[in-house]
Amino acid sequence: MYMDLRNNGGEAYAHAVLLLNSNGMDVFYRGNSLTYKVIGGVLDFYFFSGPSPLNVVDQYTSLIGRPAPMPYWAFGFHQCRWGYHNLSVVEDVVENYKKAQIPLDVIWNDDDHMDGHKDFTLNPNNYPRPKLLNFLNKIHNIGMKYIVIIDPGIGVNSSYGVYQRGLANDVFIKYEGEPFLAQVWPGAVNFPDFLNPKTVSWWADEIRRFHELVPVDGLWIDMNEASNFCSGKCKIPKGKICPSGTGPGWICCLDCKNITKTRWDDPPYKINASGIQAPIGYKTIATSATHYNGVLEYDAHSIYGFSQSVATHKGLLGIEGKRPFILSRSTYVGSGKYAAHWTGDNQGTWENLRYSISTMLNFGIFGVPMVGSDICGFYPQPTEELCNRWIEVGAFYPFSRDHANYYSPRQELYQWDSVAQSARNALGIRYKILPYLYTLNYEAHVSGSPIARPLFFTFPTYTECYDVSTQFLLGSSLLISPVLEQGKTQVKALFPPGSWYSLLDWTHTITSKGGTYVTLDAPLHVVNVHLYQNTILPMQQGGLISKDARTTPFTLIVTFPAGAAEGDAKGTLFIDEDELPEIKLGNGYSTYIDLYASVKQGGVKVWSDVQEGKYALDKGLIIDSISVLGLDGNIGAIASLELDGKPLIGGSDLNVTTYEHVHLEGEGNGESKTVMVALRGLSIPVGKNFAMTWKMG
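Figured I'd write up the structure that's included with this text. (Residues numbered from 1 in each chain as written. Predicted model: local features only at pLDDT ≥ 70, side-chain atom pairs only at ≥ 80, totals over all residues. Heavy atoms only, no water.)

Quick look at the overall build of the protein
A tally of regular secondary structure across the protein gives 13 helices and 41 strands. Over its C-alpha atoms the protein spans a radius of gyration of 27 Å, differing by no more than 12% from the 26 Å that the globule rule assigns to 697 residues. The principal-axis extents of the C-alpha atoms in the protein amount to approximately 90 × 60 × 50 Å. Counting only residues that meet the buried cut, the protein has 56% of its 697 residues in that class. Taking contacts inside the protein between residues at least 6 apart in sequence as the whole, the part at least 24 apart equals 72%. (Helix = DSSP H or I, 4+ residues; strand = E, 2+ residues; numbered from the N terminus. Rg over C-alpha atoms; globule rule 2.2 N^0.38 Å. Buried < 20%, exposed > 50% of the residue type's maximum accessible area, 1.4 Å probe, protein only. Contact = heavy atoms within 4.5 Å.)

Some thoughts on a positive patch on the surface
Together, Lys-233, Lys-235, Lys-238 and Lys-257 make up a positively charged patch on the protein surface. A residue is classified by how much of its surface remains accessible, and Lys-233, at 34% relative accessible area, is partly exposed. (Patch = residues over 30% accessible without salt bridge, like charges linked within 9 Å, V, L, I, M, F, W, Y side chains within 5 Å. Areas by Shrake-Rupley, 256 points an atom, 1.4 Å probe, with all protein chains shown as cover. Salt bridge = Lys/Arg side-chain N within 4 Å of Asp/Glu carboxyl O. Lys, Arg positive; Asp, Glu negative; His and termini not counted. Charge placed at Lys NZ, Arg CZ, Asp CG, Glu CD.)

Let's talk about the nonpolar core
Judged by nonpolar contacts, the single largest core of 139 residues is most densely connected at Phe-191, Phe-325, Phe-396, Phe-472, Leu-474, Trp-506 and Leu-537. Here the element with the most residues in this core is helix H10 (residues 417-432); it accounts for seven residues. Formed by 36 residues, the second largest nonpolar core is a distinct cluster that contains Val-606, Leu-621, Ile-623 and Leu-631. (Core = buried A, V, L, I, M, F, W, Y, C linked by side-chain atoms within 4.5 Å.)

Side note on the pairing of strand E33 (residues 590-600)
Burial analysis of E33 places nine of its eleven residues in the buried class, which makes it a mostly covered element. Across ten bridges, the pairing between strand E32 (residues 567-576) and E33 is antiparallel. Each bridged residue has a counterpart across the sheet, and for Gly-567 the counterpart in E33 is Val-599. As judged from the nine bridges shared by E33 and strand E34 (residues 603-611), these two strands associate in the antiparallel manner. Residue pairing across strands places Leu-595 opposite Ser-608, the latter belonging to E34. Counting the residues in the hairpin turn of E33 and E34 gives two residues, including Gln-601, whose phi is positive at 50°. (Pairing = 2+ DSSP bridges.)

Digging into the state of the cysteines
Counted by the stated rule, this structure contains four disulfides. Here Cys-230 engages in a disulfide with Cys-252; their sulfurs sit 2.1 Å apart. Taking the sign of the torsion about the S-S bond as the criterion, the disulfide between Cys-230 and Cys-252, at about 100°, is right-handed. Of this pair, Cys-230 sits in the loop between strand E14 (218-221) and strand E15 (233-235) while Cys-252 is found in the loop between E15 and strand E16 (255-257), placing the two residues 22 residues apart along the sequence. The buried category is assigned to Cys-230, whose relative accessible area is 1%. Note that Cys-376 is cross-linked by a disulfide to Cys-387, the S-S spacing being 2.0 Å. Disulfide Cys-376 to Cys-387: torsion about the S-S bond roughly 105°, handedness right-handed. Note that Cys-376 is positioned in the loop between strand E20 (374-375) and helix H9 (384-394) and Cys-387 in helix H9, a separation of eleven residues in sequence. According to the relative accessible area criterion, Cys-387 is buried, its value standing at 0%. When the cysteines of the protein that form disulfides are numbered from the N-terminus onward, they connect as 1-4, 2-6, 3-5, 7-8. Sulfur of Cys-80: no disulfide; nearest cysteine sulfur belongs to Cys-376 and is 13 Å away. (Disulfide = S-S within 2.5 Å.)

Notes on the sheet that holds strand E5 (residues 44-48)
Taking strand neighbours across the sheet as the criterion, the three strands line up as E1-E2-E5 in an open arrangement whose pairing is antiparallel. The sheet is open, and its two borders are formed by strand E1 (2-8) and E5, each paired with just one other strand. Averaged over all pairs of adjacent strands, the angle between their axes in this sheet comes to 20°, without regard to strand direction. Pairing analysis gives seven bridges linking E1 to strand E2 (residues 11-20), with the strands arranged antiparallel. Its bridge partner being in E2, Leu-5 is matched across the sheet by Ala-14. Running over the sheet, helix H1 (residues 53-64) touches E1, E2 and E5 and is turned about 20° from E2. (Axes fitted to C-alpha atoms, helices over the stretch in contact; angles between N-to-C directions.)

Notes on the pattern of salt bridges
Enumeration according to the criterion identifies 24 salt bridges in this entry. For the salt bridge of Lys-261 with Glu-176, the shortest nitrogen-to-oxygen distance reads 3.3 Å. In this pair, Lys-261 sits in the loop between E16 and helix H6 (297-300) while Glu-176 sits in the loop between strand E10 (174-175) and strand E11 (178-179), placing the two residues 85 residues apart along the sequence. Its relative accessible area of 60% is what places Lys-261 among the exposed residues. Looking at Glu-176, the relative accessible area reads 53%, which means it is exposed.

Here we look at the pairing of strand E36 (residues 638-643)
Of the pairings in the sheet, the one linking E36 to strand E41 (residues 691-696) comprises five bridges and is antiparallel in character. Within E41, the position partnered with Leu-641 by the bridge is Trp-694. Counting the residues that bridge the hairpin from E36 to strand E37 (residues 646-647) gives two residues, and of these Asp-644 lies at a positive phi of roughly 50°.

Regarding unusual backbone geometry
In this chain, Glu-225 is followed by Ala-226 through a cis amide linkage whose omega measures 0°. As for its position among the elements, Ala-226 is in the loop between E14 and E15. For Phe-120, which is not glycine, the phi dihedral falls at a positive 60°. Structurally, Phe-120 can be placed in the loop between strand E7 (106-109) and helix H3 (129-142). Residue classification places Phe-120 among the buried residues on the basis of a relative accessible area of 8%. Here Asp-170, not a glycine, exhibits a phi torsion of approximately 55°, which is positive. Counting through the fold element by element, Asp-170 comes out in the loop between helix H4 (161-168) and E10. For Asp-170, a relative accessible area of 37% translates into the label partly exposed.

Some remarks on the packing of aromatic side chains
The geometry of an aromatic ring pair comes down to the distance between the two centres and the angle between the two planes. Summed over the entire model, instances satisfying the criterion amount to 43 aromatic pairs. Considering the side-chain rings of Tyr-97 and Tyr-414, the 5.1 Å spacing of their centres and the 85° angle between planes classify their relative orientation as edge-to-face. Of this pair, Tyr-97 sits in helix H2 (residues 87-99) while Tyr-414 sits in the loop between strand E21 (400-402) and H10, and the two are 317 residues apart along the sequence. Accessibility assignment for this pair places Tyr-97 and Tyr-414 in one class, buried. Through successive ring pairs, a cluster of aromatic residues spans Phe-120, Tyr-163, Phe-172, Phe-191, Phe-194, Trp-202, Trp-203, Phe-210 and Tyr-304. The side chain of Lys-118 reaches across the aromatic face of Tyr-160, ending 5.7 Å from its centre. One Lys or Arg, Arg-401, reaches over the ring of Trp-108 and ends 4.7 Å from the middle of that ring. (Phe/Tyr/Trp six-rings, centres within 6.5 Å; stacked < 30°, edge-to-face > 60°. Lys NZ or Arg CZ within 6 Å of the ring centre and 35° of its normal.)

A look at the sheet that holds E14
In any sheet, the strands associate via hydrogen bonds between backbone groups, in a parallel or an antiparallel arrangement. The sheet built from nine strands is open, its strands ordered E19-E18-E17-E14-E8-E7-E6-E21-E20 with parallel pairing. At either end of the open sheet lies a strand with only one pairing partner, and these are strand E19 (371-372) and E20. In the sheet, strand E17 (residues 326-328) pairs with strand E18 (residues 340-342) via two bridges, with the strands oriented parallel. Note that in E18 the partner of Leu-327 across the bridge is Ala-340. In the packing of H2 onto the sheet, the strands contacted are strand E6 (77-79) and E7, and the crossing angle to E7 comes to about 155°.

The quantities given are spatial measurements derived from coordinates; they are silent on function.
If you want it as structure tokens, here you go:
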């Protein structure tokens, strides 16, 4: 799928084109043309007319499926590593995050918890079940979550129940009538055929059995391209152990021979499948293997990970009726309806840090808004400076997780004092804006709108921002401008036309008439985040776990164009019982609020329009403070202040403070003085309509 955005005489027009085809293909982009070379299937082209980028994504996801709603905790910070050899290491990691005062919501296990790398098993020595259950009980009580990996390859092993039940139910992909043999981490494996309804039922049953063994909070489906350490037709070797248990486990040790006898295995046109012009079945399932109803792997290869996501989603939904969380490596058109995505084994390099932004933005356009990359890189070892800068970007990925390779040194955020400091700062901001992120999650589910967006989504007529992939927006108005180069302590950031207010210090503002580049200071522990004019941003006070953070009082940040005599601002807030399967209004377990503000004739008004207020009222949520930015500072102080028609001035708890804005460079600031007015101690119930007005003296 591609999106095209062009500017025609000052008007912006976006459209998109999807080729819905699961066969092998090469697509060549040559600046002004696209060439598709497709080796099978149907040429189903869909056109989405826009005209805005948001319209395009709305139209696209209405066809392919709206993005899955994510639970609130999924927007917290996640920690993982391949190589947590036993449970005590995992317990240590959780303890060390707490000691370092770095937020952490979810702890993950790669395959270390498994018995011999086999899915749905526990290693009795390193992860003894009674101790693991004890640990899970402890973290679940404070609101933390636990997720483990499962790969699609099922170990060929006569004493392994999952395999035995799979064999009995005839769930595996076939080659010449027998289950196709491949090799992944457990050694010889067969691959489940998720196009077979019987496989989906068997898979759901295995998830249920595993959940009874270990009450995990989500599943991570990896290696589902499907990845195979061997190629061709293989058999288990006689007289040698495979794998041997020494050296890296990804060396093929089965007896294999190439398959070239059919046009499916050796098509006349060779696609660039692995970047190395390899045979089409290289290190995956042989393309002449067959799925349910005789469907060839040749035609179905690209939907393997997608079909596993669908089956896993169904399985998790059936267990406790909670909102599923699934992370998938392989994706296809429509994957976002079932799963989140991370970008695979990205490297710990500056170049990969930069790439992570454009990759994330692309996936938002593809209808997979819950996306991120391995923070600090999966391999090789990142430098301390890179890790500092990476958490300052990764704290603003929709899906924010630190993950490292077995062979890399430890890189949890507390391993370096400097990185811990950057993490506290960046994740500190993230945990305060969780209500905003979670509201974007609701909007993504309703209209497909990405959580992280390119600048041109909000500024489609401003051509200067079309090719910017070193900055990004969260929602329509929160701009992240990170440092992406080694040794830099400043960042040159593009500010589209209008007023922008620094989240680090609300009094710093940048106003650009026609758009401008500004050089911002960015010492090692600082990431620049700015909020655009005409916005109301709901924030809370943060915390170390999202469960606690989401009960703290709210602050509303209202931004007007700097010094404008008249202006409007808008925002929204969605809160719900976040583990219910559906994210929606009307079930008694959610509240949606439209927030409005205006300034005119020296008066300011901030008000709300609440839908389904009961849930927020039952939770006792309150708005403690409202800060209004960009007011004309020459008008003077507040002369009168009313809440729902009653005077507020003189109330014992109310605290009113005025701060003068510091204008950084940017055209047209002149000599005008602008101010921010902060009101604290308000205690307004979130679930009730309110209207606050004040006159400037």
